[in-house]
Amino acid sequence: MEILQDLLVLIVAGWMTIDQNGPVVMSWFGVIVGLITGLIMGDVNTGLVIGGTFQLMSLGVAALGGSSAPNYGLATIVGTFIAVRTGTGTDAAIAVGLPVGLLAIQLEVVVRIVNNFVAHKMQDYNNAGQWDKMNRIAWLGPIICSLQTILPTLLVILFGSTVVNFVLEFIPEWVTNGLSIAAGMLPVVGVGMLMRYMPVKKFLPMILIGFVLSAYLGVPVLGIAIVGFAAAFWYFTTQINKTETAVAVATDASDMGDDFDE
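Residues numbered from 1 in each chain as written. Predicted model: local features only at pLDDT ≥ 70, side-chain atom pairs only at ≥ 80, totals over all residues. Heavy atoms only, no water.

### What about the overall build of the chain?
For the chain, the helix and strand inventory stands at 11 helices and zero strands. When the helices and strands of the chain are read in sequence order from the N terminus, they spell out α-α-α-α-α-α-α-α-α-α-α. Within the chain, buried positions represent 32% of all 262 residues. Within the chain, counting contacts between residues at least 6 apart in sequence, those at least 24 apart form 69% of the total. On the chain, roughly 16200 Å² of surface is accessible, and the fraction owed to carbon and sulfur atoms is 70%. (Helix = DSSP H or I, 4+ residues; strand = E, 2+ residues; numbered from the N terminus. Buried < 20%, exposed > 50% of the residue type's maximum accessible area, 1.4 Å probe, protein only. Contact = heavy atoms within 4.5 Å. Areas by Shrake-Rupley, 256 points an atom, 1.4 Å probe, with all protein chains shown as cover.)

### Concerning the packing of helix α4 (residues 72-86) against helix α7 (residues 140-159)
Contact geometry for α4 and α7: axes closest at 10 Å, N-to-C directions at 15°. On the basis of the axis angle, α4 is roughly parallel to α7. Our pair here, α4 against α7, has a crossing hand that is right-handed. Contact with α4, carried on its side by Leu-74, Val-78, Phe-81 and Ile-82, involves Gln-148, Thr-149, Pro-152, Thr-153, Val-156 and Ile-157 of α7 and no other residues of that element. (Axes fitted to C-alpha atoms, helices over the stretch in contact; angles between N-to-C directions. Parallel < 35°, antiparallel > 145°, perpendicular 65-115°, else oblique. Left-handed = near helix turned anticlockwise from the far one by under 90°.)

### Observations concerning the pattern of salt bridges
Taken as a whole, this structure holds one salt bridge when the rule is applied. Here Asp-6 makes a salt bridge to Arg-85, at a shortest N to O gap of 3.0 Å. Pair noted here: Asp-6 is in helix α1 (residues 2-20) and Arg-85 is in helix α4, with a separation of 79 residues, a long-range link. Residue classification places Asp-6 among the buried positions, given a relative accessible area of 15%. By relative accessible area, which is 25% here, Arg-85 ends up partly exposed. (Salt bridge = Lys/Arg side-chain N within 4 Å of Asp/Glu carboxyl O.)

### Considerations on the nonpolar core
Formed by 18 residues in total, the largest nonpolar core has its most connected members in Val-9, Leu-74, Ile-77, Val-78 and Phe-81. Looking at this core, the elements that each hand over two or more residues are α1, α2 (30-41), α4, α5 (89-127) and α7. One finds Ile-50, Phe-54, Tyr-72 and Ala-75 within the second-largest nonpolar core, a separate group that totals nine residues. (Core = buried A, V, L, I, M, F, W, Y, C linked by side-chain atoms within 4.5 Å.)

### A look at the packing of aromatic side chains
Within a pair of aromatic rings, the relevant descriptors are the distance that separates the centres and the angle that separates the planes. If you walk through the whole model with that rule in mind, you get four aromatic pairs. Aromatic side chains Phe-54 and Tyr-72 sit 6.4 Å apart centroid to centroid with 40° between the ring planes, which places their arrangement in the tilted category. Here the residue Phe-54 occupies a position in helix α3 (residues 44-58), and Tyr-72 occupies one in helix α4, the gap between them amounting to 18 residues. Residues Phe-54 and Tyr-72 agree in their burial class; the two are buried. (Phe/Tyr/Trp six-rings, centres within 6.5 Å; stacked < 30°, edge-to-face > 60°.)

### Brief notes about a nonpolar patch on the surface
Taken together, the side chains of Trp-139, Ile-143, Leu-147, Leu-151, Leu-154, Leu-155, Leu-158 and Phe-159 present a nonpolar region at the surface, about 820 Å² in accessible area. Along the chain, Leu-155 turns up in helix α7. (Patch = residues over 30% accessible without salt bridge, like charges linked within 9 Å, V, L, I, M, F, W, Y side chains within 5 Å.)

Right, dumping it as structure tokens:
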């Protein structure tokens, strides 16, 4: 069972990077890969908690131009794997996953350099009219790209708790404590950033309802999400009906004007 889990986690890690730079079918966001990794490892709740934490950490961070950002998707996969397999908890998952996500920045730079040579070789084959060779070498791009997440994940899978213990012993205690504190603060910062750009005044009653459901009634996140979806669906259909009514009224008024002119 563990071998199958290890293989599936590796596939998710590799496909995540290919998907991010290509078709974008699965998405590389922490909450998505956290859900998938949690399903594979048999602990969806842990996957969602870790994925949601890294997702909120990633808010406001973007790889613009040639810059690179920490790979929070990889951090989520590794963190979830470690947390479930070793039972070390969320703090250890963040303490290990975040450095791995930062390591991926360096690996991404290497991948970009290597794939640059691949792209130039493809261009040479294209200029020479050797399109079969061009198409064959094109497969190297996704393969090399996927290695930047497969290799770190493979190391964690092979050495498991040994890697965790090594990293935790190597990293000073004040760093791990700082990461734990940051993990508690960054979600709040992320929510604050979201609310900064959301029409809070317009939907303040909905926000207050969600707060009451969570803080005073103890409704789980899934229940609040369902209530939020129902409210969003009601608002959407209401606005659609208002638009259709306004269009119908305008059309009737236009027809009446045409009749009057005649």
